[in-house]
Amino acid sequence: MKQQLEAIKLRALQALDAAETPAALDELRVKLLGKKGELTAVLKMMGKLSPEERPVMGQLANAVRADIEAKLEERKTAINAAVLEAKLAAESIDVTIPGDAVELGHQHPMNMVLQEIKEIFVGLGYQVVDGPEVELASYNFTRLNIEEGHPSRDRSDTFYFTDDDAVLLRTQTSPMQIRYMEEHKPPLCMLAPGRVFRKDEADATHSPMFHQIEGLVVDEHITMGDLKGALVAIMKKIYGEDSQMRFRPHHFPFTEPSCEMDMQCHKCHGTGEQGGKVCSTCHGEGWIELLGAGMVHPDVLANCGIDPEKYSGFAFGMGLERMAMGRLKINDLRLIFDNDMRFLNQF
Ligand code: PHE
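In this report, the structure presented in the accompanying data block is examined. Just so it is clear, the model here is predicted, and its values are computed rather than measured.

Thoughts on the side chain of Asp-262
By the element assignment, Asp-262 lies in strand β7 (residues 255-264). What makes Asp-262 buried here is its relative accessible area of 2%. A polar side-chain atom of Asp-262 sits 2.7 Å from a polar atom in the side chain of Arg-248. In contact with Asp-262, not counting residues within four places along its chain, are Gln-244, Met-245, Arg-246, Arg-248, Trp-287, Ile-288, Glu-289 and Leu-290.

Rendered as structure tokens:
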């Protein structure tokens, strides 16, 4: 019997050492110490022992039981600690791991160039103003000398809101000349950037919505020389001292005389071709049109209550997209509006 008890103890302690979860431990406790357990079975046989042997074996059995209980307690503490340890390790937050960086965006390339242009003009004393995109035909056309029946008033070119064609999406920023001269009297120096809308198919240099920057200077003795001087100086600031510009005569109903200003194509450097093919950026012209300009028509001044005998002025309207394309060497206008991050991230 003594050997039996020793064997039970040895097996019990080994089994307890091998147990690794609270459930396994619980199972062992029932198996080793429960009513149907081995130890209980041995104890039940005590009755068959001689009166001398009984207390000795009883003591031994109790000692075995105490050893098993002590081991059980020891393993329970160890396993619980291990479980807690594992849980802590699994759920721990390592505050030293670098987080997901939130990338800071930047201005759209168009806004970068607009900002640059505005700063140059503000430095020259221009006042930057804003105006409505939904405009009256009287401001967009009539008071700019663009009579009824003029092709630019055609419904195939202009987005109208009303059946009588009185309200429209402005097709140019030039109505800001009228709005500004209604409110301000010479000497005046205005810059009005904004969106304009025309029924154009989108291609490498056209979009139904684009941006213009209108400029207007009115004072005594303003001449075409002032116009050319100002525009050349500004373009050299934007595109660099060695950039090439040219003026061509043109016609606008609201300026007289009128001209257009071109910049040498940044893609083909004026040759009109790119690797044996017609340059796709300037369509083989070698030049890119940047703006329309001219001396403010006397009728337009008079329309705004300014005496054309005393005052004269120049006005210009430049295409911001064209300016940005040249400034940032962008070859296709559509890239500016596509919002493709691969494009935008380059600036
Ligand atoms: N508004 C004209 C256009 O859109 C440009 C322009 C502005 C011309 C001012 C002369 C003076 O083409």
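Some thoughts on the site of the ligand
The local shell around the ligand holds 14 residues, among which Gln-172, Ser-174, Arg-198, Gln-212 and Gly-317 are the closest. At a separation of 2.8 Å, a nitrogen atom of the ligand approaches a polar side-chain atom of Gln-172. A distance of 2.9 Å is found between an oxygen atom of the ligand and a side-chain nitrogen or oxygen belonging to Arg-198. Bound to the protein, the ligand loses 91% of the 330 Å² it would expose on its own. Across the shell around the ligand, the residue classes break down as 5 nonpolar, 7 polar and 2 charged.

With respect to the packing of helix α5 (residues 109-123) against helix α10 (residues 320-328)
Where α5 contacts α10, the axes come no closer than 9 Å and their chain directions differ by 95°. With respect to α10, the axis of α5 lies roughly perpendicular. The residues of α10 that touch α5, namely those facing Pro-109, Met-110, Val-113, Leu-114, Glu-116 and Ile-117, are Leu-320, Glu-321, Met-323, Ala-324, Arg-327 and Leu-328. Tallied by class, residues from the contact of α5 with α10 come to 9 nonpolar, no polar and 3 charged.

Let's talk about the sheet that holds β7
The strands that make up a sheet pair up through hydrogen bonds in the backbone, lying either parallel or antiparallel. In spatial order, the strands read β1-β4-β5-β11-β10-β7-β6; together these 7 strands make up an open sheet with mixed pairing. Sheet topology places β1 (127-128) and β6 (245-252) at the edges, where each strand pairs with a single neighbour. With 2 bridges connecting them, β1 and strand β4 (residues 188-197) associate as parallel partners. Across the sheet, residue Val-128 finds its bridge partner in β4, namely Leu-191. Across the sheet, helix α7 (residues 175-183) lies against β1, β4, β5 (209-219) and β11 (312-319), angled at about 140° from β4, the strand it touches most. Along the sheet, α10 makes contact with β5, β7, β10 (287-296) and β11, crossing β11 at roughly 65°.

Reading guide: rules and limits
- Residues numbered from 1 in each chain as written.
- Predicted model: local features only at pLDDT ≥ 70, side-chain atom pairs only at ≥ 80, totals over all residues.
- Heavy atoms only, no water.
- Helix = DSSP H or I, 4+ residues; strand = E, 2+ residues; numbered from the N terminus.
- Buried < 20%, exposed > 50% of the residue type's maximum accessible area, 1.4 Å probe, protein only.
- Polar contact = N/O pair within 3.5 Å; in protein donor to acceptor, adjacent residues only side chain to side chain.
- Contact = heavy atoms within 4.5 Å.
- Near = heavy atom within 4 Å.
- Areas by Shrake-Rupley, 256 points an atom, 1.4 Å probe, with all protein chains shown as cover.
- Nonpolar A, V, L, I, M, F, W, Y, C, P; charged D, E, K, R; others polar.
- Axes fitted to C-alpha atoms, helices over the stretch in contact; angles between N-to-C directions.
- Parallel < 35°, antiparallel > 145°, perpendicular 65-115°, else oblique.
- Pairing = 2+ DSSP bridges.

Geometric values such as these leave the question of function open.
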